[in-house]
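# What the coordinates show
Below, each chain spelled out in residue letters.
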Amino acid sequence: MDRGKGQPFPRDTQEAKTKEHARRGKNWPIVMIKIVMVPLLLFFSLVIGLMIGYGVVGHKPTSEVFDLGTYKHMWDLLFAGT
């Protein structure tokens, strides 16, 4: 703690800044994995939720979740009177 006037803290030196910059450069694969994995996990959780809701709760065949006709029928039911 005995530091003279005008001497920078160790974190303010050029040496510490280059180490910090070098650390930032190595994190880009982790950032890219996070950017790709979050939408993929959201998509798969949506599909699994649709399968559980349609197959288990609705007592219908789970394979109908992937049929486009199912969603056209739902669209027609929702917007039939408009």
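Just so you know, these numbers come straight off a predicted model, no measurement behind them. (Residues numbered from 1 in each chain as written. Predicted model: local features only at pLDDT ≥ 70, side-chain atom pairs only at ≥ 80, totals over all residues. Heavy atoms only, no water.)

### With respect to the environment of Gly 53
Counted only if it meets this: Here a strand is any run of E in DSSP of at least two residues, a helix any run of H or I of at least four, and the numbering for each starts at the N terminus.
Structurally, Gly 53 is set in helix H2 (residues 28-57). Sequence spacing of Gly 53 and Val 65 is 12 residues, and the spatial spacing of their C-alpha atoms is 9.5 Å.

### Considering the confidence of the model for the protein
Here is the rule we go by: Per-residue confidence from the prediction method is given by pLDDT, with values spanning 0 to 100.
Summary statistics for the protein give a mean pLDDT of 84 and a share of 70% for residues scoring 70 or more. Within the protein, helix H1 (residues 14-25) has the poorest average pLDDT of any element, 62, and H2 the best, 95.

### Brief notes about the packing of aromatic side chains
Note the following rule: Put simply, two rings from Phe, Tyr or Trp (the six-membered ring, in Trp's case) pair if the centres are within 6.5 Å, and we call them stacked under 30 degrees between planes, edge-to-face over 60, tilted for the rest.
Per the counting criterion, the structure on display carries two aromatic pairs. Consider the rings of Phe 43 and Phe 44, whose centres lie 5.6 Å apart with planes at 65°: the pair is edge-to-face. A ring pair is formed by Trp 75 and Phe 79, whose centres lie 4.5 Å apart and whose planes are at 50°; its orientation type is tilted.

### What to know about unusual backbone geometry
With phi around 55°, His 59 is a residue other than glycine that occupies positive phi space. Position of His 59 among the secondary structure elements: in the loop between H2 and helix H3 (68-78).

### Describing H2
Rules: Between the first and last residue of a helix there are one fewer steps than residues, each counted as 1.5 Å, and that sum is the expected span. When a residue's accessible area, from a 1.4 Å probe over protein chains only, is under 20% of the maximum for its type it is buried; when over 50% it is exposed; and in between it is partly exposed. By definition in these notes, contact holds between two residues if any of their heavy atoms fall within 4.5 Å.
Across its 30 residues, H2 extends 42 Å between first and last C-alpha, which sits within 8% of the 44 Å expected from 1.5 Å per residue. Residues of H2 that are buried include every one of Val 47, Tyr 54 and Gly 55, and no others. Lining the buried residues of H2 we find H3. Once H2 finishes, His 59 follows within two positions and takes phi at roughly 55°, a positive value.

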